[in-house]
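Summary of the model geometry
Listed here are the chains, written in short residue letters.
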Amino acid sequence: MNVMQQDRTAPRKAGPTRLGRSDRSALGRWFWEIDRVLLLLVAVLISIGLIAVAAASPAAAQRYSGGDITFAPLYYFYRQIMWLFIAIPVMIGVSMLPKANARRLCLGGAAFFTVLLVFVPIIGNEVNGARRWIGYGFAQFQPSEFLKPMFIVSLAWILSLRDKDASLPVVPLTGLLTAIVALLLMKQPNFGETIIFAAAWVMLLTLSGVSMRILGVLGVGAVVGVILAYLFYPVATTRIDAFLFATGDTDTYQTDSALRTLTSGGLFGAGPGAGTRKFHLPEPHTDYIFSVIGEEFGLIACLAIALIYLFIIARVLIRLLHEEDTFLVLATAGLVCQFGLQALINMAVNVQIAPSKGMTLPFISYGGSSMIALAIGMGLLLAFTRRNPYLHRSPYVVKWSGQ
């Protein structure tokens, strides 16, 4: 009897606290290794995006309603919530992958979505004069959006092989792959994405330490390429003419409307739901959502969003200062620069300092393909920047003094 009472009253050994420092589960290790500041900044962007889509949804619903089709004012807001229910678990799941598995995912995904790009001009669905989408109904998606993060990681892996064998022709190989993707994108046509892929490749070459001679040749080639595109590629001709040589006959309605909408709210905006110019915007919930934010929440809100993107880029690059793995440096820097460049181009179009590109604002614009693809890219960033916080504090890590 006494023994049984003792067993009942004996204190039980406490197990590891859930998500505590002693929790060695997969979720526990992820929580302590992940860059929680970066994750918080992304959560802030997603929250801002929901508010912005709610503000833009009535204008988009009115624009696309007609005939027998009528969209509810918050139709796009509710659909954005649905996409987030898919995108957030995808981002967390990808961020939990070991770095080697994340690299393998990107290599296989890059090959798969490049093959899909070949079929987009053939079987793709035409929207606003371009064939960028594949699939039907709810299952439509844009392969180029998913290809972006995976292709950048794949290029980073190929360029990192030069550390093992300097004789490998990694520069011409990556150039050939980028040229193939660029040609496939231009057939859609998708000039904006082509610029993103080309710029990411040049940036990766610069970080990998190629000679200034090669970079100089690429710079001259870029200038020649833009000139040739202007002369022989109608989409580029139209966009550049509308931006640089606008006349009375030039259609600048989109960018003019975006700038008027952006500045109409002043510093502090007209207030949530009080905007009126957004109803005259083309694509207020996607390409020009930054202008809707300016009208309803003011230029201060636009500046705050730009600073959040800047903080994300700076946060990732600072974490790379102590990284010694060439692949991780190239892949992480490439992903965050592609992310920042996409945001910069979208905002530049809205303030009329860049020609219209048809590019979404990361984690803020409405869109299923864009949101899930961005979630994959950010998940990869979080996976590649994961660090063991105790690794360099261990007394068993022996450092060579150099003597």
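Everything numeric here is computed off the predicted structure, so don't read it as measured data.

The description of two aromatic rings rests on the distance between their centres and on the angle between their planes. Summed over all chains, the structure comprises 13 aromatic pairs. On the numbers, 6.0 Å between centres and 45 degrees between planes, the contact of phenylalanine 71 with tyrosine 76 is tilted. In this structure phenylalanine 71 comes out as partly exposed when scored by relative accessible area, which is 23%. Ring geometry for tyrosine 76 and tyrosine 366: centres 5.1 Å apart, planes at 80 degrees, overall edge-to-face. Of this pair, tyrosine 76 sits in helix α4 (residues 75-95) while tyrosine 366 sits in the loop between α13 (326-350) and α14 (368-384); the two residues are 290 residues apart in sequence, bridging distant segments of the chain. This pair shows no difference in class: tyrosine 76 is buried, exactly as tyrosine 366 is. One aromatic cluster in this structure is built from Tyr64, Phe71, Tyr75, Tyr76 and Tyr366. Taking the ring centre of phenylalanine 327 as reference, the NZ or CZ of arginine 103 above it sits at 5.8 Å.

This brings us to unusual backbone geometry. Following glutamine 188, the chain continues into proline 189 via a peptide bond in cis, with omega recorded as -5 degrees. Mapped onto the elements, proline 189 comes out in the loop between α7 (170-186) and α8 (191-208). Backbone geometry places glutamate 283, a non-glycine residue, at a positive phi of 50 degrees. Tracing the sequence through the fold places glutamate 283 in the loop between α11 (253-264) and α12 (289-319). With phi around 65 degrees, glutamine 352 is a residue other than glycine that occupies positive phi space. Secondary-structure assignment places glutamine 352 in the loop between α13 and α14.

What follows is about the pattern of salt bridges. The final tally for this structure, using the stated rule, is six salt bridges. Ionic pairing is found between arginine 315 and aspartate 35, a salt bridge with its closest N-O pair at 2.9 Å. With a gap of 280 residues between them, arginine 315 in helix α12 and aspartate 35 in the loop between α2 (26-33) and α3 (36-64) connect regions that are remote in the sequence. The exposure class of arginine 315 is partly exposed, given its relative accessible area of 28%. Using a relative accessible area of 2% as the deciding quantity, one classes aspartate 35 as buried. For arginine 319, the salt bridge is made with aspartate 35, and the minimal N-O distance between the two is 3.3 Å.

Parameters at a glance
Residues numbered from 1 in each chain as written. Predicted model: local features only at pLDDT ≥ 70, side-chain atom pairs only at ≥ 80, totals over all residues. Heavy atoms only, no water. Phe/Tyr/Trp six-rings, centres within 6.5 Å; stacked < 30°, edge-to-face > 60°. Buried < 20%, exposed > 50% of the residue type's maximum accessible area, 1.4 Å probe, protein only. Helix = DSSP H or I, 4+ residues; strand = E, 2+ residues; numbered from the N terminus. Lys NZ or Arg CZ within 6 Å of the ring centre and 35° of its normal. Salt bridge = Lys/Arg side-chain N within 4 Å of Asp/Glu carboxyl O.

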